[in-house]
Amino acid sequence: MSEKSFHHSWNGEHAQKFAKSVENMKKSRYIPFAKEIYKFIERFVKNKNPIILDVGCGPGYLLIEIAKLIPNSQLIGVDFSEDMLRIASEKAKEKGLNSITFKQGPAEKIPIAEAHNDAVVCLNSLHDFNDTEETLSEIYRITKKNGIFVLKDKNGAYPKWKVVLGFIPLVCKSGLKRTIKYFKSNELWLDPEKIKKKMEELGFKIEYQEKKLDYLIVGRK
Ligand SMILES: C[S@@+](CC[C@H](N)C(=O)[O-])C[C@H]1O[C@@H](n2cnc3c(N)ncnc32)[C@H](O)[C@@H]1O
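Residues numbered from 1 in each chain as written. Predicted model: local features only at pLDDT ≥ 70, side-chain atom pairs only at ≥ 80, totals over all residues. Heavy atoms only, no water.

1. Quick look at the nonpolar core
Part 1: In terms of nonpolar packing, the biggest core is built from 36 residues, with L62, I66, I148 and V150 touching the most fellow members.
Part 2: Of all the secondary structure elements, the ones that give two or more residues to this core are α2 (12–22), α3 (26–44), α4 (61–69), α5 (82–94), β4 (117–123), β5 (143–154) and β7 (214–220).
Part 3: Contacts of I66, omitting those with residues within four sequence positions, involve A34, I37, I52, L75 and V121.
Part 4: Counting 25 residues, the second-largest nonpolar core is a separate cluster that includes I110, F129, I142 and F204. (Core = buried A, V, L, I, M, F, W, Y, C linked by side-chain atoms within 4.5 Å. Buried < 20%, exposed > 50% of the residue type's maximum accessible area, 1.4 Å probe, protein only. Helix = DSSP H or I, 4+ residues; strand = E, 2+ residues; numbered from the N terminus. Contact = heavy atoms within 4.5 Å.)

Below you can see the structure in the form of structure tokens.
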């Protein structure tokens, strides 16, 4: 078992618990990021029916918000957890969304053809994958020329004292136990500068970046 799979098992009860724990983050997390994605797609993607893939899609909440904002898009959710994907397709079905399809597979070997997507998005998942470099090169492979990669994740280079301050609202909202669990994942968070460098080495042109407690990087192929 790898160190990361030791930290998290994403199947069974854990998938259920994760889906439940982020269910109420629609307004604070998923809608704002879907709006940012929409903005970048409008700016860089010419295809009026864009193919958008979410790698490490989990329970699919982000895809649902993208589907509402860009109803003419074709959406694909990829995750290695069968149980996460089952939850995601149930949620999409409940909302009557049939523009989303789901594929099971590892981020390090995405089961999608080369240059297939206008946009790849990834939210709070990159630090969980087993191999960051392999994942980034897979994302590059499946992105069309001029297509974009919109990445948001926790900032591993953010000063620790600021991370702690940032958690105060979380303690109030979600309680100490959940905050401690979340804080422990801090050791896995990645340095956005290293991610950016790797993306540039692969051939992505960095179009936008932002570094706070979360970082946001947009690369164009
Ligand atoms: C923290 S969750 C984030 C889920 C979703 N992006 C969200 O924001 O709600 C991380 C997701 O990555 C998936 N995952 C972890 N390692 C993976 C891997 N190597 N390949 C594919 N999916 C993976 C997990 O199953 C889980 O659904």
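Next comes the rest of the write-up.
2. Quick notes on the pairing of strand β1 (residues 51–55)
Part 1: Within β1, five of the five residues are buried, which leaves the element mostly enclosed by the surrounding structure.
Part 2: Here β1 shows no split at all, with I51, L53 and V55 on one side and I52 and D54 on the other all buried.
Part 3: Pairing analysis gives five bridges linking β1 to strand β2 (residues 74–79), with the strands arranged parallel. Following the sheet pairing, I51 is matched in β2 by Q74. (Pairing = 2+ DSSP bridges.)

3. Details of the site of the ligand
Part 1: The environment of the ligand is made up of 21 residues, and the closest members are Y30, G56, D79, A107 and L123.
Part 2: Measuring from an oxygen atom of the ligand, one finds a side-chain N or O atom of D79 at 2.6 Å.
Part 3: Here L123 contributes a backbone N or O atom positioned 2.9 Å from a nitrogen atom of the ligand.
Part 4: Considered on its own, the ligand offers 590 Å² of accessible surface; in the complex 97% of this is hidden by protein.
Part 5: A breakdown of the residues in the shell around the ligand according to their chemical character gives eleven nonpolar, seven polar and three charged. (Near = heavy atom within 4 Å. Polar contact = N/O pair within 3.5 Å; in protein donor to acceptor, adjacent residues only side chain to side chain. Areas by Shrake-Rupley, 256 points an atom, 1.4 Å probe, with all protein chains shown as cover. Nonpolar A, V, L, I, M, F, W, Y, C, P; charged D, E, K, R; others polar.)

4. A word on the side chain of T132
Part 1: Note that T132 resides in helix α6 (residues 132–142).
Part 2: Beyond its immediate chain neighbours, meaning those up to four positions away, T132 contacts L126, L190 and I195.

5. A closer look at the packing of aromatic side chains
Part 1: Enumeration over the complete set of coordinates arrives at five aromatic pairs.
Part 2: Judged by centre distance (5.0 Å) and plane angle (90°), the ring pair of Y140 and F204 falls under edge-to-face. Remark: F204 occurs in the loop between α9 (192–202) and β6 (205–211) and Y140 occurs in helix α6; sequence separation between them is 64 residues.
Part 3: Overall, the relative accessible area of 22% leaves Y140 in the partly exposed class.
Part 4: Overall, the relative accessible area of 4% leaves F204 in the buried class.
Part 5: Aromatic ring contacts, followed pair by pair, group Y140, F149 and F204 into a single cluster.
Part 6: The ring of Y140 carries K221 above its face, with NZ or CZ at 4.5 Å from the centroid. (Phe/Tyr/Trp six-rings, centres within 6.5 Å; stacked < 30°, edge-to-face > 60°. Lys NZ or Arg CZ within 6 Å of the ring centre and 35° of its normal.)

6. Things to note about unusual backbone geometry
Part 1: In this structure, A115 takes a positive phi of about 50° despite not being glycine.
Part 2: Take A115: it is sitting in the loop between β3 (100–104) and β4.
Part 3: The exposure class of A115 is partly exposed, given its relative accessible area of 37%.
Part 4: Although it is not a glycine, N124 sits at a positive phi angle of roughly 50°.
Part 5: Classification of N124 as buried rests on a relative accessible area of 16%.

7. Some thoughts on the packing of α6 against α9
Part 1: Two numbers describe how α6 lies on α9: the axes approach to 10 Å, and their chain directions differ by 45°. Regarding the angle of α6 to α9, the classification is oblique. You can see that α6 and α9 cross each other, and the crossing is right-handed. Each of T132, E133, L136, S137 and Y140 in α6 lies in contact with α9, whose residues at this interface are I195, K198, M199 and L202.
Part 2: The residue inventory of the contact of α6 with α9, partitioned by class, reads five nonpolar, two polar and two charged. (Axes fitted to C-alpha atoms, helices over the stretch in contact; angles between N-to-C directions. Parallel < 35°, antiparallel > 145°, perpendicular 65-115°, else oblique. Left-handed = near helix turned anticlockwise from the far one by under 90°.)

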